[in-house]
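Secondary and tertiary structure notes
This is what each chain is made of:
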Amino acid sequence: MDVIVGSESHLEQMEKLVSSWYKDGTLPESFIWPPDSRPGKLAAAPSCKNIPVIDLGGAEGGDHTYIIHQILEASQEFGFFQVINHGISDTLLSDTMSVLKEFFELPLEDKASVYSEDPQKSCKLFSSSVNYDAEDVHLWRDVLRHPCHPLVECLQDWPQQPSRYRELVGTCSTQVKKLALNVLELISEGLGLGTGYFRNELSQNLILSVNHYPPCPDPSLTLGLTKHCDPNLITILMQEDHVNGLQVFKDGEWMGVEPISHALVVNIGYQLHIISNGKLKSSEHRAVTNPCNARTSAGFFVAPSYVCVVEPARALVSASNPQLYKSFQYEEFLRNFNTMVFEGKSEFAMESFKLQT
Ligand SMILES: O=C(O)CCC(=O)C(=O)O
Ligand SMILES: [Fe+2]
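These remarks concern the structure in this document. (Residues numbered from 1 in each chain as written. Chains lettered and ligands numbered in written order. Predicted model: local features only at pLDDT ≥ 70, side-chain atom pairs only at ≥ 80, totals over all residues. Heavy atoms only, no water.)

**Thoughts on the sheet that holds strand E13 (residues 295-303)**
The sheet built from eight strands is open, its strands ordered E2-E3-E11-E8-E13-E6-E5-E4 with mixed pairing. Both edges of this open sheet fall to strand E2 (53-55) and strand E4 (124-127), since each of them pairs with a single strand only. Each strand axis lies, on average, 25° off the axis of its neighbour in the sheet, ignoring direction. Here strand E3 (residues 80-84) pairs with strand E11 (residues 264-268) via four bridges, running antiparallel. Bridged to phenylalanine 81 within E11 is valine 266. Across the sheet, helix H7 (residues 165-191) touches E3, strand E5 (142-147), strand E6 (205-213), strand E8 (234-239), E11 and E13, and the angle it forms with E8 is around 130°. (Pairing = 2+ DSSP bridges. Helix = DSSP H or I, 4+ residues; strand = E, 2+ residues; numbered from the N terminus. Axes fitted to C-alpha atoms, helices over the stretch in contact; angles between N-to-C directions. Contact = heavy atoms within 4.5 Å.)

**A closer look at the site of ligand 1**
Close to ligand 1 lie Asn211, Tyr213, Leu225, His228, Asp230, Leu237, Leu246, His285, Ala287, Arg295, Ser297 and Phe301, which account for all nearby residues. Contacts to ligand 1 include histidine 228, whose side-chain N or O atom sits 3.1 Å from an oxygen atom. Take arginine 295: an N or O atom from its side chain is 2.8 Å from an oxygen atom of ligand 1. Protein chains bury 95% of the 300 Å² of accessible surface belonging to ligand 1 in isolation. Contributions of two or more residues to the shell around ligand 1 are made by E6, strand E7 (225-228), strand E12 (285-287) and E13. Among the elements that take part in the shell around ligand 1, E13 stands out by supplying three residues, more than any other. (Near = heavy atom within 4 Å. Polar contact = N/O pair within 3.5 Å; in protein donor to acceptor, adjacent residues only side chain to side chain. Areas by Shrake-Rupley, 256 points an atom, 1.4 Å probe, with all protein chains shown as cover.)

**Description of the nonpolar core**
Counting 81 residues, the largest nonpolar core has Leu56, Ile187, Phe198, Ile234, Leu272 and Phe333 as the members making the most contacts within it. Considering every element that reaches this core, the biggest residue donor is H7, with 13 residues. Not counting residues up to four positions away in its chain, the partners in contact with phenylalanine 333 are Pro231, Tyr270, Gln271, Ile274, Phe328, Ala349, Met350 and Phe353. (Core = buried A, V, L, I, M, F, W, Y, C linked by side-chain atoms within 4.5 Å. Buried < 20%, exposed > 50% of the residue type's maximum accessible area, 1.4 Å probe, protein only.)

What follows is the structure, encoded as structure tokens:
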């Protein structure tokens, strides 16, 4: 059925957005996760002081080799690290985060033009997941998702409000892409793949996914985002200051990733795990909610083009390091990943791409 933007049924659909009704103070049953995937007592998840914070300030000077060493070590052990002195100005990051938060605070009518339940639509605001009507349990989040590349082609689909949205998110996404390519260059060098290994179809796409988690009456029973690894190449995540929520699974327990002002979180996606022939790790992570503050996070997902062929780098395969994954088109991986996520089996998303060794 076609739904006309701003029509009564379109606005009714928008009432699925958690931000439109959370103030009634209830946690509906449809948001209560089974006991084995609930966060339970949040106090049990210590804020992780161990996720490395890497100063990229000297990457082009005398610290170059040391920084590569830190990035490789963090990517092998944690699959996550934070970066500071990354070259993106504090003002741009703060202003972009403000405009993203403002977007979610707009009245429903002002968000109606981007709200959509159509899985094919590339720029859309929705609640929980793209499978809202078919999923058993909902996530306590609203999401605004859209491509950021090529900028001139996608910009016209982005929200027009707040008025500085396009300008700030456009500038920020361009700079985040540049940062991601710099980090990938350091990884490429660290893996012994030379220069420019990722500067092609492997890093062609950039998708922004903004998560908004309103305050939740009982964070122990629900989740903002269930455990998953990111399917793409590498993710650069901006998280709001002072509000915890991101957790990484490490050594059998969930650990919080502390928000650090103006730092960015870097997360190794499945494609980088595969290209490194298992050397770099993709870690499971999730987002929990809290009763006091809304939290907004913005993930910039750098991904291969859909037709790009992905496989372990030849230079990393040898008799003593047999090839662990077959080669495939990224589109095929993504289709399988999305099905697995929908079936609640995302931890098995890699199975059909593994080679018997
Ligand atoms: O909200 C967060 O910090 C996590 C977001 C995330 O993991 C994702 O969007 O894939
Ligand atoms: Fe993620």
